[in-house]
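Take a look at the letters that make up each chain.
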Amino acid sequence: MRGYSSVQELIDDLKPAAEIRDGALSITDERAFREQKVDRLVYGAVFGDDAVKPACRWIIWQAAQALGALPASIHEYYMAGGRGEWHHRTTPAINIRGLTYDTARAVFRTAMRYDCKQFIFEIARSEIGYTQQRPEEYVSSVLAAALREGYRGPVFIQGDHFQISAKGYAKDPQKEIEGVEKLILEALDAGFYNIDVDSSTLVDLSKPTVAEQQTLNYQHCADLTAFIRKHQPEGVMVSVGGEIGEVGGKNSDVHELRAFMDGFNRVLAEKGGDLVGISKISVQTGTSHGGVVLPDGTIADVKVDFDTLAELSEVSRKEYGLAGAVQHGASTLPEVAFNRFAEANACEVHLATAFQNLIYDSDLFPKDLRDEIYAYLAENHADERKPDMTDAQFYYTTRKRAFGPFKQQMWDLSDDVRQGISKLLEERFDLIFDRLNVGGTSSLVEKYVTPTKRDKPMPESLRTAAQVS
């Protein structure tokens with residue numbers, strides 16, 4: 001792939017597949033645009049200069065609006081699940097840390113083959129930082145992938161773990177909350193119409209009652225939900241998720257679920273205006289993000305409490321009208337476990353580390369680049385190494401932090417390498433979509449979800465160059 005040296009080069013290259021006319025993008029040859037222009041556009045959207053980057057992002061966004069790949073909220077579909085109008089289908093929510101465009105293309109190919117539209121792309125607050133992917137860049141990569149593969153329909157893009165840092169909150173509560181709010185505004189503007197608020201970091205298990213333990217959690221989740229409702233784009237009801245237990249900690253139970261939901265609903269109602277609440281609830285049932293790595297670098301077996309997951313999903317649906325419970329930290333589980341999420345009626349499962357592992361551990365991934373990455377980690381992240389860690393454990397737990405610094409080197413891998421890794425990812429997505437029972441959901445999703453078209457203002461760099469042309 002290669003980008004553009006100037007906005008004028010970009011405008012000239014679009015023809016005859018597309019052109020900027022009367023302040024708008026006109027697609028004149030859809031097939032040529034998809035097959036010949038998108039690869040270069042997305043590279044420019046990620047690595048272009050200060051003039052080229054916003055121009056490429058605007059063209060990708062407007063092309064997606066024109067060709068029917070529209071950012072959307074899954075809220076109404078999840079509410080239908082809460083009413084029992086669909087069940088035993090678990091949405092794969094896929095965190096993409098690296099090779100974002102190629103990985104998203106593999107997801108769309110899998111979805112189209114399965115006639116599936118019940119899937120989510122997501123990135124967490126922490127991942128935005130260490131992968132160096134701000135929301136607008138992430139949206140551009142995902143929408144470009146949809147365009148390249150010819151996907152039409154809602155594109156669910158989600159802010160995962162928009163988290164209140166317990167450490168930051170203890171130091172300066174207002175500053176920490178404002179940081180989350182600022183990220184929410186950036187994400188909404190970029191096209192994230194699904195946001196998981198994570199204030200579970202503020203749960204205080206030292207308090208005497210479950211309700212007191214959950215107080216700060218539900219209060220701040222309600223505050224941030226109201227903030228989202230105030231700022232969500234016109235015509236969009238953002239899907240908001242809450243969380244009752246921090247992943248990797250104590251397993252959740254129905255008492256915590258009821259304490260959180262009762263408190264959340266009460267605080268939100270006190271804000272007035274009939275504010276719409278959350279559509280799902282994240283719980284802890286025995287997993288941890290990234291899995292538990294053993295000294296030899298393999299992953300320890302994890303026993304998910306599927307009975308608890310099923311019970312929490314049942315209570316959240318029947319008592320609170322939510323789509324169900326959400327499972328985090330599941331991508332490294334054995335393949336045979338994935339069908340049990342749908343059996344437990346979990347509405348969503350978050351998947352990340354296994355895809356990262358597949359990229360790094362693939363025989364296709366250049367050894368010299370991997371060695372360079374590991375040397376970088378040893379030099380720059382030695383403070384994360386615990387005294388009893390083996391090399392395998394250290395590199396496994398820290399290599400996620402190389403996706404940002406080595407982003408361009410990964411994007412610049414040869415076509416054969418990137419396409420080969422994309423094919424391996426596609427095989428994994430194939431298994432996941434099958435086991436989570438989301439095949440054949442296109443018409444069901446479209447029954448409840450009507451994406452809202454939203455034109456964005458043309459960047460000044462593109463407007464000026466187009467006028468000259």
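Above this note sits the structure.
We now turn to the structure provided with this report. (Residues numbered from 1 in each chain as written. Predicted model: local features only at pLDDT ≥ 70, side-chain atom pairs only at ≥ 80, totals over all residues. Heavy atoms only, no water.)

### Quick look at the overall build of the protein
Moving on, step 1. When helices and strands are tallied, the protein shows 20 helices and 11 strands.
Moving on, step 2. Here the protein has a C-alpha radius of gyration of 22 Å; the compact-globule value for 469 residues is 23 Å, and the two agree.
Moving on, step 3. Sequence-distant contacts, at least 24 apart, represent 79% of the contacts inside the protein between residues at least 6 apart.
Moving on, step 4. Of the roughly 18600 Å² that the protein leaves accessible, carbon and sulfur atoms contribute 47%.
Moving on, step 5. The positive charge centre, built from 53 side chains, and the negative charge centre, built from 70, are 2 Å apart in the protein. (Helix = DSSP H or I, 4+ residues; strand = E, 2+ residues; numbered from the N terminus. Rg over C-alpha atoms; globule rule 2.2 N^0.38 Å. Contact = heavy atoms within 4.5 Å. Areas by Shrake-Rupley, 256 points an atom, 1.4 Å probe, with all protein chains shown as cover. Lys, Arg positive; Asp, Glu negative; His and termini not counted. Charge placed at Lys NZ, Arg CZ, Asp CG, Glu CD.)

### Observations concerning the nonpolar core
Moving on, step 1. F33, I59, F121, I373 and F433 are the most contacted members of the largest nonpolar core, which has 136 residues in total.
Moving on, step 2. Apart from residues lying up to four places away in sequence, I373 is in contact with Y360, F365, A402, F406 and M410. (Core = buried A, V, L, I, M, F, W, Y, C linked by side-chain atoms within 4.5 Å. Buried < 20%, exposed > 50% of the residue type's maximum accessible area, 1.4 Å probe, protein only.)

### Things to note about unusual backbone geometry
Moving on, step 1. In this model, K15 is joined to P16 through a cis peptide bond whose omega is 0°.
Moving on, step 2. In this structure, N345 takes a positive phi of about 65° despite not being glycine.
Moving on, step 3. Turning to its location among the elements, N345 is positioned in the loop between helix 13 (339-343) and strand 11 (348-351).
Moving on, step 4. A positive phi angle is found at N437, which is not glycine, with a value near 65°.
Moving on, step 5. Looking at the secondary structure, you find N437 in the loop between helix 18 (415-435) and helix 19 (442-448).
Moving on, step 6. Overall, the relative accessible area of 36% leaves N437 in the partly exposed class.

### Regarding the pattern of salt bridges
Moving on, step 1. By the definition in use, this model includes 34 salt bridges.
Moving on, step 2. Between R57 and E136 there is a salt bridge, and its shortest N-O distance comes to 3.1 Å. On the criterion of sequence distance, the pair formed by R57 in helix 3 (residues 52-67) and E136 in helix 7 (residues 135-149) is long-range, its members being 79 residues apart.
Moving on, step 3. What makes R57 buried here is its relative accessible area of 12%.
Moving on, step 4. A relative accessible area of 34% means that E136 is categorised as partly exposed.
Moving on, step 5. Here the salt bridges do not stand alone but share partners, grouping R105, R109, R113, E149, E426 and D430 into one network. (Salt bridge = Lys/Arg side-chain N within 4 Å of Asp/Glu carboxyl O.)

### Quick word on the state of the cysteines
Moving on, step 1. If you walk through the whole model with that rule in mind, you get zero disulfides.
Moving on, step 2. Distance from the sulfur of C116, which forms no disulfide, to the nearest cysteine sulfur (C347) is 14 Å.
Moving on, step 3. Between C347, a cysteine without a disulfide, and C221, which holds the nearest cysteine sulfur, the sulfur-to-sulfur distance is 14 Å.
Moving on, step 4. For C347, a relative accessible area of 0% translates into the label buried. (Disulfide = S-S within 2.5 Å.)

### A few points about the environment of Y138
Moving on, step 1. Its place among the elements puts Y138 in helix 7.
Moving on, step 2. Given the relative accessible area of 0%, Y138 is considered buried.
Moving on, step 3. If near-sequence neighbours (up to four positions away) are discounted, Y138 is found in contact with I94, N95, I96, T100, F121, E122, I123, Q133, I157 and F192.
Moving on, step 4. Within the structure, Y138 has its side chain in polar contact with the backbone oxygen of E122 (distance 2.7 Å). (Polar contact = N/O pair within 3.5 Å; in protein donor to acceptor, adjacent residues only side chain to side chain.)

### Looking at the packing of aromatic side chains
Moving on, step 1. Applying the stated criterion to the full structure yields 25 aromatic pairs.
Moving on, step 2. Taken together, a centroid distance of 5.0 Å and an interplanar angle of 45° make the contact between F108 and F121 tilted. One end of the pair, F108, is in helix 5 (residues 100-113); the other, F121, is in strand 5 (residues 120-124), with 13 residues separating them in the sequence. Like F108, the residue F121 is buried in the burial classification.
Moving on, step 3. On the numbers, 5.4 Å between centres and 80° between planes, the contact of Y376 with F406 is edge-to-face. Separated by 30 residues along the polypeptide, Y376 in helix 15 (residues 367-380) and F406 in the loop between helix 16 (391-398) and helix 17 (407-411) bring together distant segments of the chain. (Phe/Tyr/Trp six-rings, centres within 6.5 Å; stacked < 30°, edge-to-face > 60°.)

### Side note on the environment of H87
Moving on, step 1. Structurally, the position occupied by H87 is in the loop between helix 4 (75-82) and strand 4 (91-95).
Moving on, step 2. Overall, the relative accessible area of 45% leaves H87 in the partly exposed class.
Moving on, step 3. The sequence separation of H87 and V417 amounts to 330 residues, and the corresponding C-alpha distance is 39 Å.
Moving on, step 4. Beyond its immediate sequence surroundings of up to four residues, H87 is in contact with R317 and N345.

### Description of helix 12 (residues 306-320)
Moving on, step 1. For helix 12, which comprises 15 residues, the first-to-last C-alpha distance of 20 Å matches the rise-based estimate of 21 Å (1.5 Å per residue) to within 8%.
Moving on, step 2. Buried within helix 12 we find F306, T308, L309, L312, S313, V315, S316, R317 and Y320.
Moving on, step 3. The secondary structure elements touched by the buried residues of helix 12 are helix 4, helix 11 (254-270), strand 9 (280-283), strand 10 (325-327) and helix 13.
Moving on, step 4. Where helix 12 terminates, the next one or two residues include G321, which has phi positive at roughly 70°. (Expected span 1.5 Å × (residues − 1).)

### Remarks on the side chain of Q213
Moving on, step 1. Position of Q213 relative to the elements: it lies in helix 10 (residues 210-231).
Moving on, step 2. Among all residues touching Q213, those that are not within four sequence positions of it are L202, V203, D204, L205 and K207.

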